[in-house]
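Results of the structural survey
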Amino acid sequence: MGKIIAIANQKGGVGKTTTAVNLSAAVGAKGKRVLLVDSDPQGNTTGGLGVDKRAMQASVYNLLLGKPAAEIIARTQFEGLDLIPSGMELAGAELELANLDRRESRLKTELSAVRQNYDYIFIDCPPSLGLITLNALTAADTLLVPIQCEYFALEGLSQLMTTVRQIKRLYNPQLEIEGVLLTMFDGRLNLTQQVVREVKKFFPKQVFGAAIPRSVRLSEAPSFGLPILYYDRGSKGAASYNDLAGELIKKQRVTH
């Protein structure tokens, strides 16, 4: 049965989508069956995999309103990787969801029907703590938190952790932190070292060994609709996401 991992941080620009696209592709390339759910109304994950959002017949919006996942899942051109795309209509979903029964567990219900077909299901969350993120965290087994090595890195993190505690209490007692991923990492900078120390103080045992460097190639890849592994396999960014994928899979083996 697939492990469901939500990739979330309500702060924007931390590398959530970059991580969703590249980690999913790297895990798929290691022979695992992966489903990536783009639950961000901006749909950057969908675009980052070269899928035309306008051409999609159905999206995560339809999923949240009860359409079966099996009818929405799109094959991608990348090894082992399927996608539930996002579209602009998702922007209005928060309002529609507000009036529905079990509004926080609709994603969980729909994903449970396809869960056995995958080793991993990753959910890219929007940069807010609204109903869509609530659905993702209710559906997830674990939460992966990307944190950029910048001055305001830990800002908003305590708010996210408060939300996680509330979700554990009210909807999903099993939810755990999968790990914290340092992004935009530059080991030569004092500020980076300082942020790393603070993050490790905040999450003593949960920081991934792999860190994602600042990288022009990583920034370029989405405009070609390719994960970094397929855009520039020899780049530092590809190596980092490959390391992260290995770390994630190994950890799963240890805990099972």
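That block above? That's the structure.
Residues numbered from 1 in each chain as written. Predicted model: local features only at pLDDT ≥ 70, side-chain atom pairs only at ≥ 80, totals over all residues. Heavy atoms only, no water.

Moving on to the overall build of the protein chain. Per the secondary structure count, the protein chain includes 11 helices and seven strands. For 256 residues, the compact-globule formula gives about 18 Å, and the C-alpha radius of gyration of the protein chain, at 17 Å, lands near that figure. Taken over the C-alpha atoms alone, the protein chain extends approximately 50 × 40 × 35 Å along its principal axes. Expressed as a percentage of its 256 residues, the buried residues of the protein chain come to 54%. (Helix = DSSP H or I, 4+ residues; strand = E, 2+ residues; numbered from the N terminus. Rg over C-alpha atoms; globule rule 2.2 N^0.38 Å. Buried < 20%, exposed > 50% of the residue type's maximum accessible area, 1.4 Å probe, protein only.)

What follows is about the packing of aromatic side chains. Tallying each qualifying case throughout the model produces five aromatic pairs. Ring geometry for tyrosine 120 against phenylalanine 122: centres 5.9 Å apart, planes inclined by 5°, an arrangement best described as stacked. A residue is classified by how much of its surface remains accessible, and tyrosine 120, at 3% relative accessible area, is buried. Its relative accessible area of 0% is what places phenylalanine 122 among the buried residues. Judged by centre distance (4.9 Å) and plane angle (70°), the ring pair of tyrosine 151 and phenylalanine 152 falls under edge-to-face. On the accessibility criterion, tyrosine 151 (65% relative accessible area) is exposed. Taking relative accessible area as the criterion, phenylalanine 152 reaches 45% and is therefore assigned partly exposed. (Phe/Tyr/Trp six-rings, centres within 6.5 Å; stacked < 30°, edge-to-face > 60°.)

Val37, Ile84, Leu107, Leu111 and Ile123 are the most contacted members of the largest nonpolar core, which has 50 residues in total. Looking at this core element by element, the count peaks at six residues for helix H6 (residues 131-139). With residues near it in sequence (within four places) discarded, leucine 111 still touches Ile4, Leu35, Val37, Leu63, Ile84, Ile121 and Ile123. Membership of the second largest hydrophobic core comes to 32 residues, among which are Val21, Val34, Leu181 and Leu244. (Core = buried A, V, L, I, M, F, W, Y, C linked by side-chain atoms within 4.5 Å. Contact = heavy atoms within 4.5 Å.)

With that settled, the discussion passes to helix H7 (residues 157-170). Over its 14 residues, H7 extends 20 Å from the first C-alpha to the last, a length consistent with the 20 Å expected when each residue adds 1.5 Å. By the burial criterion, the buried members of H7 are Leu157, Leu160, Met161, Thr163, Val164 and Ile167. Summarising the axial view, the buried residues of H7 lie within an arc of 155°, below the 170-degree limit, and thus occupy one face. Exposed and facing more than 90 degrees away from the buried side of H7 are Arg165, Arg169 and Leu170. (Expected span 1.5 Å × (residues − 1). Arc of directions from axis to C-beta.)

This part is about the pattern of salt bridges. Evaluation of the coordinates by the stated rule reveals 12 salt bridges. A salt bridge links lysine 3 to glutamate 178; its shortest N-O distance comes to 2.7 Å. On the criterion of sequence distance, the pair formed by lysine 3 in strand S1 (residues 3-7) and glutamate 178 in strand S7 (residues 176-183) is long-range, its members being 175 residues apart. Across the pair glutamate 71 and lysine 67 runs a salt bridge whose closest N-O atoms are separated by 3.5 Å. Within this structure, Lys3, Glu178 and Lys251 form a network of salt bridges that share partners. (Salt bridge = Lys/Arg side-chain N within 4 Å of Asp/Glu carboxyl O.)

For the rest of this paragraph, the subject is helix H1 (residues 16-29). One turn of the α-helix equals 3.6 residues, which is why residues spaced by three or four share an orientation. For H1, which comprises 14 residues, the first-to-last C-alpha distance of 20 Å matches the rise-based estimate of 20 Å (1.5 Å per residue) to within 8%. Taking burial as the measure, the 14 residues of H1 include 12 buried ones, the bulk of the element. Within H1, burial applies to Lys16, Thr17, Thr19, Ala20, Val21, Asn22, Leu23, Ser24, Ala25, Ala26, Val27 and Gly28. Taken from the residues just after H1, glycine 31 is the one with a positive phi, measuring 90°.

Locating threonine 192 in the fold gives a position in helix H8 (residues 190-202). You can call threonine 192 buried: its relative accessible area is 0%. In terms of polar contacts, threonine 192 uses its side chain to reach the backbone carbonyl oxygen of aspartate 186, at 3.0 Å. Dropping the residues within four chain positions of it, threonine 192 is found in contact with Cys149, Phe185, Asp186 and Gly187. (Polar contact = N/O pair within 3.5 Å; in protein donor to acceptor, adjacent residues only side chain to side chain.)

On to a nonpolar patch on the surface, then. A cluster of nonpolar side chains, namely Tyr151, Phe152, Leu189 and Leu191, defines an oily patch on the protein surface of about 430 Å² accessible area. The topology assignment puts leucine 191 in helix H8. (Patch = residues over 30% accessible without salt bridge, like charges linked within 9 Å, V, L, I, M, F, W, Y side chains within 5 Å. Areas by Shrake-Rupley, 256 points an atom, 1.4 Å probe, with all protein chains shown as cover.)

Attention now moves to the environment of alanine 239. Note that alanine 239 resides in helix H11 (residues 236-255). Among the residues examined, alanine 239 registers a relative accessible area of 38% and is labelled partly exposed. For alanine 239 and leucine 100, which are 139 residues apart along the polypeptide, the C-alpha to C-alpha distance reads 43 Å.

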